[in-house]
Amino acid sequence: MFKTGKEVRYLVIFLVQFLPLTGLRIYYELRADPEDALTALFDVIEGLAPIIVLVTATTVLLEEGGEVLAERYTQRRYNEGRADERALWRAWNERRMEAEADGRPFDEPPPDERDGR
């Protein structure tokens, strides 16, 4: 039925908003005229259009906004990781060049060959 997790998220976000709002609408209509259930039903149906528009708009905003924020977070973490790795390589290369300039042997493994990397 659903092809992606994104479709499921849209549906869950939609229903989490739609069902309580619809329940409130039903409660309101039944309290307004508890004797006339048929009129209350038609009033509920009539009141669904603005609820659906509102819930659809907020669902799209929440889902797409969440994706934008997640992408920014992921990109920032990636850039921070790259900066950390570049700093490790620069420090390693400076030690290597100092050893070479002093005529000392340099057997320190490069950062990508260390334990835990």
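Just so we're clear, the structure is a prediction, and the values are computed from it rather than from any experiment.

Reading the values: the criteria
Residues numbered from 1 in each chain as written. Predicted model: local features only at pLDDT ≥ 70, side-chain atom pairs only at ≥ 80, totals over all residues. Heavy atoms only, no water. Helix = DSSP H or I, 4+ residues; strand = E, 2+ residues; numbered from the N terminus. Rg over C-alpha atoms; globule rule 2.2 N^0.38 Å. Buried < 20%, exposed > 50% of the residue type's maximum accessible area, 1.4 Å probe, protein only. Contact = heavy atoms within 4.5 Å. Areas by Shrake-Rupley, 256 points an atom, 1.4 Å probe, with all protein chains shown as cover. Lys, Arg positive; Asp, Glu negative; His and termini not counted. Charge placed at Lys NZ, Arg CZ, Asp CG, Glu CD. Axes fitted to C-alpha atoms, helices over the stretch in contact; angles between N-to-C directions. Parallel < 35°, antiparallel > 145°, perpendicular 65-115°, else oblique. Left-handed = near helix turned anticlockwise from the far one by under 90°. Nonpolar A, V, L, I, M, F, W, Y, C, P; charged D, E, K, R; others polar. Patch = residues over 30% accessible without salt bridge, like charges linked within 9 Å, V, L, I, M, F, W, Y side chains within 5 Å. Salt bridge = Lys/Arg side-chain N within 4 Å of Asp/Glu carboxyl O. Core = buried A, V, L, I, M, F, W, Y, C linked by side-chain atoms within 4.5 Å.

A.B. asks: Can you walk me through the overall build of the protein chain in this structure?
C.D. replies: Helices and strands together make up the secondary structure of the protein chain, namely two helices and zero strands. Its C-alpha atoms give the protein chain a radius of gyration of 30 Å, more than 25% over the compact-globule value 13 Å for 117 residues. Taken along the three principal axes of its C-alpha coordinates, the protein chain extends 100 × 25 × 20 Å. The buried share among the 117 residues of the protein chain stands at 15%. For the protein chain, restricting intrachain contacts to residue pairs at least 6 apart in sequence, the fraction spanning at least 24 positions comes to 53%. Carbon and sulfur atoms provide 61% of the accessible area of the protein chain, an area that totals close to 9300 Å². Considering the protein chain, the positive charge centre built from 16 side chains and the negative charge centre built from 23 side chains are found 6 Å apart.

A.B. asks: How should the packing of helix α1 (residues 5-32) against helix α2 (residues 37-102) be read in this particular structure?
C.D. replies: Helix-helix packing: each pair is described by the crossing angle between the helix axes and the interaxial distance. α2 packs onto α1 with a crossing angle of 150° between their chain directions and a minimal axis gap of 8 Å. When the interaxial angle is binned, α1 and α2 end up roughly antiparallel. As for the relative orientation of α1 and α2, their crossing is right-handed in sense. Classifying every residue of the contact of α1 with α2 gives 16 nonpolar, six polar and eight charged.

A.B. asks: Help me out: how do you make sense of a nonpolar patch on the surface in this one?
C.D. replies: On the surface, Leu38, Leu41, Phe42 and Ile45 cluster together into a nonpolar patch covering about 410 Å² of accessible area. Structurally, the position occupied by isoleucine 45 is in helix α2. Relative accessible area serves as the criterion here: at 48%, isoleucine 45 is assigned to the partly exposed category.

A.B. asks: Can you help me understand the nonpolar core in this one?
C.D. replies: The tendency in soluble globular proteins is for nonpolar side chains to be buried side by side. Counting five residues, the largest nonpolar core consists of Phe14, Phe18, Leu48, Ile51 and Val55. Put simply, the parts of the chain that give this core at least two residues each are α1 and α2. It is α2 that contributes the most residues to this core, three residues altogether.

A.B. asks: Where do I start with the environment of valine 12 in this structure?
C.D. replies: Tracing the backbone through its elements, the reader meets valine 12 in helix α1. Taking C-alpha positions, valine 12 is 9.2 Å from threonine 59, a pair spaced 47 residues apart along the chain.

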